[in-house]
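# Descriptive structure summary
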Amino acid sequence: MIRDITIGQYYQTESVMHRLDPRVKLLGTLLFIIALFSYKNPLGYALGIVFLFAVIKLSRVPVKFITKGLKGIVIILLMTVLINLFLTPGTTAVAIGKLTITYEGLAAALGMMIRLILLIMGSSIVTLTTTPNNLTDGLEKGLGFLKVFKVPVGDVAMMMSIALRFIPILLEETDRIMKAQLARGADFESGNLVKKAKSLVPVLVPLFVSAFRRAGDLAMAMEARCYRGGDGRTKMKPLVYKKRDAFGYLILFSFVGISIFLGRWHVISDFFNSLYVNYILK
Amino acid sequence: MPLILDHISQIYNADTEHPVKALDDVSLVIPEGQFIGVIGHTGSGKSTLMQHLNGLMKPTSGKIFFNGQDIDDKDFSKKELRKHVGLVFQYPEHQLFETDVFADVCFGPKNMGMSKKETELAAFDALRKVAFPEDLYYASVFELSGGQKRRAAIAGVLAMKPDFLILDEPTAGLDPVGRYEILDMVAGLHKESGITIILVSHSMEDVAMYVERVVVMDHGKVAFDDTPREVFSHSNELEEMGLAIPEPSKITRKLIELGIDADPGVLTATEAADSIYAALMKNK
Amino acid sequence: MDIVKTDKLVFEYIRRDEEGNPVDVTTALDRVNIDVKQGEFVGILGHNGSGKSTFAKHLNAILYPTEGKVFVNDMDTMDDSKLWDVRRSAGMVFQNPDNQIIGQVVEEDVGFGPENLGVPTKEIWERVEESLRAVDMIDYRKKSPNKLSGGQKQRVSIAGVLAMHPKCIILDEPTAMLDPSGRREVIRAIRGLNDVEKMTVILITHYMDEVVHADRIFVMDKGKVVMQGTPREIFSDVPALTKLRLDVPGPTRIAWELKQKGLPLPDGILTCDELIKEIQKCR
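Residues numbered from 1 in each chain as written. Chains lettered and ligands numbered in written order. Predicted model: local features only at pLDDT ≥ 70, side-chain atom pairs only at ≥ 80, totals over all residues.

## What to know about the confidence of the model for chain B
Defined as follows: For every residue, the predictor states its confidence as a pLDDT score lying anywhere from 0 to 100.
Residues of chain B with pLDDT of at least 70 account for 99%, and the chain-wide mean is 89. Per the prediction output, this complex has pTM 0.84; the corresponding ipTM is 0.89.

Here it is, written out as structure tokens:
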């Protein structure tokens, strides 16, 4: 159950996407999200979908592996869809008692769903194809300008990297502690919300104790290996832009530019609007 | 009321490219009152096996019967099973969560629906059985030594008054004396209250001296299921499985090859010395 | 030359009440004198709570002496300006394999130490490669540490220390959480480092059979060094070891018991082969 979460995991294989500079991928995600939220017509979404699947194809990560990550956000997804569905004013399509679903609501809900799914899949691709160390290196270097404002970018990057490394270990530990408490007759399923929350105490307390113990051990091990903050460190794998990264930026900017232009192009919007007005409404 | 495993198989990651067969058609009968050692190296399936005995996992195929009932039946209460079959995980002290030792030991029996009085009696009884120092009953678990924490955790399972007690590597991380103290304590439990003990371990030496039956797991299968003496006589096969046979037995075996008539089934250093000495004297 | 030398090392844990007044003083180390020469394999034995891990932490300047001195490669560990030189000279491997691996990929973890030392990129790669080869883990360089067995993880940790080019390597119960095959592979790797690379090794453990091949052994109890000598000297005194809550290796125990029965066996037999050879002489 807990192990189904794929967000933040790394999928080991060889691919162009894996070799791409993390800065390209991070900026790519950011631009992809901006593009997603700027689309006004179905063509934009279609382009987004095509682009995403092309990227997935290039990454050689099985699609199934990525869609598995969506399970974790099903509830958020449903809520957004429902809110959009029922709370968007416009022409009524169906009325169930006091609740009305409008055509505009349908369109908004569908759009939002596609956006969220693409967003999650798009960002999973980055973590799946980038080792956390590489990812934090990318963030460290990409956000390096913040050092001017006294932000300890290096230390924060190290913290992130460690947090990511310990996620699978702590998940496994949670699983083990839950099983151990089940064996002592604990019950995590029955009862109301308050009772359920209470039943987690025997899991959370040992989990926190263990996390603190690990943190202490790890801090000691890091000091023993001469870690003393970000200054004066060299890199085993320094980030150097290669030809393919320039190519990556080129494709990225072209895609974002073209898709935003087409996705917001009023001629196309007007065309779909007239289709909608002429055929669906009549 | 024996525990019966009937052709159990367990496959992990069945839907991926690398399915792992953790258990492969395992059948075992565990009658009440036995002291059993389950041995195998990491990944042999022994940990999966014991989780099945506690209903913490559903087998991919096969059935587990307790008291004549299929434990995966809808009308069978897993809680009832767990009351009768206590399971102590590896490093059990990592599950302690209450403010003091006594409260933590009460957690199990309370969950099993015992009254307050029954719960407290059971907790006291369990702490006494594991020889937990009396002046520390109300101490915070953070004040205890490693060995004491482990005893407290074992008491937490024992307090549910199980008929079967499964212990997964109960001596992991302890020093030699701590190891023997825990094993002696477990053997004492078996002797005094007749409770069935299943000791899961990767160390032959740990179990050899105590158990009456050894189940050796290898690649998800039961490789041997017999008395320790009989099992250790298959030293070559055991070594191929990455299991070291106890050194005393290894030495007497080599001596036999060299024509000294010692006993190949010795389990402890003292037994080995006795047998070697007797063999040498006989020749003179 | 002494790589490690402690001079009347004392360490006290002081427990304080809420107002900060000391209520309880535990002497974890009591006038400990231990010296380790270049290229030696030294074993430090003791049961849990004997002070052996506290001792180890002094060699890496994680803890500082309450009294006495600790010298690592002739540097006083109290000298703040030498802190990082001390730590790079005395590499530490800890007990829990999960809690000391920082990298998400094996080779990145091994590179962590050299990165901290400011080693140039090209040299980091060379060091990572040679270190992984030394512990026979080169085939796993691209793997995630989470996918490795306990023994493999500990070998990665050893490589991570080696890549810092230390003067000696200190292993604090590196096998306590491993299964027998994991223990074997880690001990084999450690012995290889000492034999082949001439690395100075300090192995802290409560498993007697792991230090049978050491050059010298120190036995600790209640914060004091209570026995020292070659394995043969140490293991010939079975009653003393038993009194110290320590086990002796199987063959040693059998030899000792046979000797009690009157067989003319020499003291301090350590391995199966030795024992068998000696028994044959008795026929």
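Still more ground to cover, so stick around.
## Notes on unusual backbone geometry
Just so we agree on the cut-off: Comment: elements are numbered from the N terminus, with helices defined as DSSP H or I runs of at least four residues and strands as E runs of at least two. Put simply, a residue is buried when 20 or more other C-beta atoms lie within 10 Å of its own C-beta and exposed when 12 or fewer do; between those, it is partly exposed, and each C-beta is set from the backbone.
Positive phi values are uncommon outside glycine, yet K161(B) reaches one of about 55°. The residue K161(B) is located in the loop between α5 (146-158) and β7 (164-168) in this model. You can call K161(B) partly exposed: it has 19 C-beta atoms within 10 Å. The backbone phi angle of D136(C) is positive, close to 60°, even though this residue is not glycine.

## Regarding the domain arrangement of chain A
Residues and elements named next belong to chain A. Put simply, the test is: What fixes the domain bounds is an automatic or database domain assignment. Two residues form a contact once the distance between their C-beta atoms, set from the backbone, is within 7 Å. Polar here means any residue outside two lists: the nonpolar Ala, Val, Leu, Ile, Met, Phe, Trp, Tyr, Cys and Pro, and the charged Asp, Glu, Lys and Arg; Gly therefore counts as polar.
Along its sequence, chain A is organised into domain 1 (1-130 + 241-282) and domain 2 (131-139 + 146-238). When each unit is reduced to the centre of its C-alpha atoms, the spacing between domain 1 and domain 2 is 30 Å. Across the contact, 9 residues belong to domain 1 and 12 residues belong to domain 2. Among the elements that make up the side of domain 1 that touches domain 2, the one with the highest residue count is helix α2 (residues 22-38) (3 residues). Looking at the side of domain 1 that touches domain 2, its residues break down into 4 nonpolar, 3 polar and 2 charged.

## Considering the nonpolar core
Across soluble globular proteins, you tend to see nonpolar side chains buried next to one another. The condition is simple: In this usage, the nonpolar core is the set of buried Ala, Val, Leu, Ile, Met, Phe, Trp, Tyr and Cys residues whose C-beta atoms join them within 7 Å.
Counting residues in hydrophobic clusters, the biggest one holds 182 residues, and the most contacted among them are A155(B), I166(B), I198(B), A159(C) and I202(C). Ranked by the residues each element gives to this core, the list is headed by helix α8 (residues 153-183) of chain A, at 9 residues. Once residues lying within four places of it in the same chain are set aside, the contact partners of I202(C) are V4(C), V36(C), V42(C), I44(C), C168(C) and I170(C). Core analysis: the second largest hydrophobic core is formed by 14 residues, F51(A), V55(A), M121(A) and L128(A) among them.

## What about the domain arrangement of chain B?
All names here are of chain B. Each assigned domain of chain B is listed here: domain 1 (1-76 + 163-233) and domain 2 (246-284). Averaged C-alpha coordinates put domain 1 and domain 2 at centres separated by 30 Å. Secondary-structure elements contributing two or more residues to the side of domain 1 that touches domain 2 are α7 (204-208) and α8 (228-232). Within the side of domain 1 that touches domain 2, the residues separate by chemical class into 5 nonpolar, 1 polar and 2 charged.

## Regarding the interface of chain A and chain B
Listed by partner, the interface residues are 15 residues for chain A and 20 residues for chain B. Going through the elements one at a time, α8 and α10 (201-224) of chain A are the ones with two or more residues in the side of chain A that touches chain B. Take the side of chain A that touches chain B: its biggest share by element is 7 residues, from α8(A). Class assignment of the residues belonging to the side of chain A that touches chain B gives a composition of 9 nonpolar, 3 polar and 3 charged.

## Examining the interface of chain A and chain C
Listed by partner, the interface residues are 28 residues for chain A and 33 residues for chain C. Among the secondary structure elements, those contributing two or more residues to the side of chain A that touches chain C are α7 (132-142), α8 and α10 of chain A. Considering every element that reaches the side of chain A that touches chain C, the biggest residue donor is α10(A), with 8 residues.

## With respect to the sheet that holds β7(B)
Residues and elements named next belong to chain B. Condition: Strands are treated as partners if at least two bridges between them are detected by DSSP. Only C-alpha atoms enter the line fits that serve as axes; for helices the fit covers just the stretch in contact. Angles between N-to-C directions range over 0 to 180 degrees.
Ordered by their spatial adjacency, 6 strands build an open sheet running β6-β7-β8-β3-β9-β10, and the pairing between neighbours is mixed. Strands at the two margins of the open sheet, each flanked by one partner only, are β6 (85-88) and β10 (221-226). The mean angle between the axes of side-by-side strands here comes to 15°, regardless of whether they run parallel or antiparallel. Examined bridge by bridge, strand β3 (residues 35-39) and strand β8 (residues 196-201) share 5 bridges and lie parallel to one another.

## Quick notes on helix α4 (residues 121-134) of chain C
Residues spaced three or four apart along an α-helix point in a common direction, a consequence of the helix completing one turn every 3.6 residues. Residues and elements named next belong to chain C. The following threshold applies: By definition here, a helix of n residues has an expected span of 1.5 Å times n minus one. Each direction from the helix axis to a C-beta atom contributes to the arc, which is the arc of those directions.
Taking 1.5 Å per residue as the helical rise, α4 with its 14 residues ought to reach 20 Å, and the 20 Å between its terminal C-alpha atoms agrees with that figure. Three or more residues of α4 are buried, namely I124, R127, V128, S131, L132 and A134. Looking straight down α4, one finds that the buried residues subtend no more than 150° of arc, so they occupy a single side. As for α4, its buried residues are in contact with α3 (106-117), α5 (150-162) and α6 (180-196). Positive phi shows up at D136, right after α4, with a value of about 60°.

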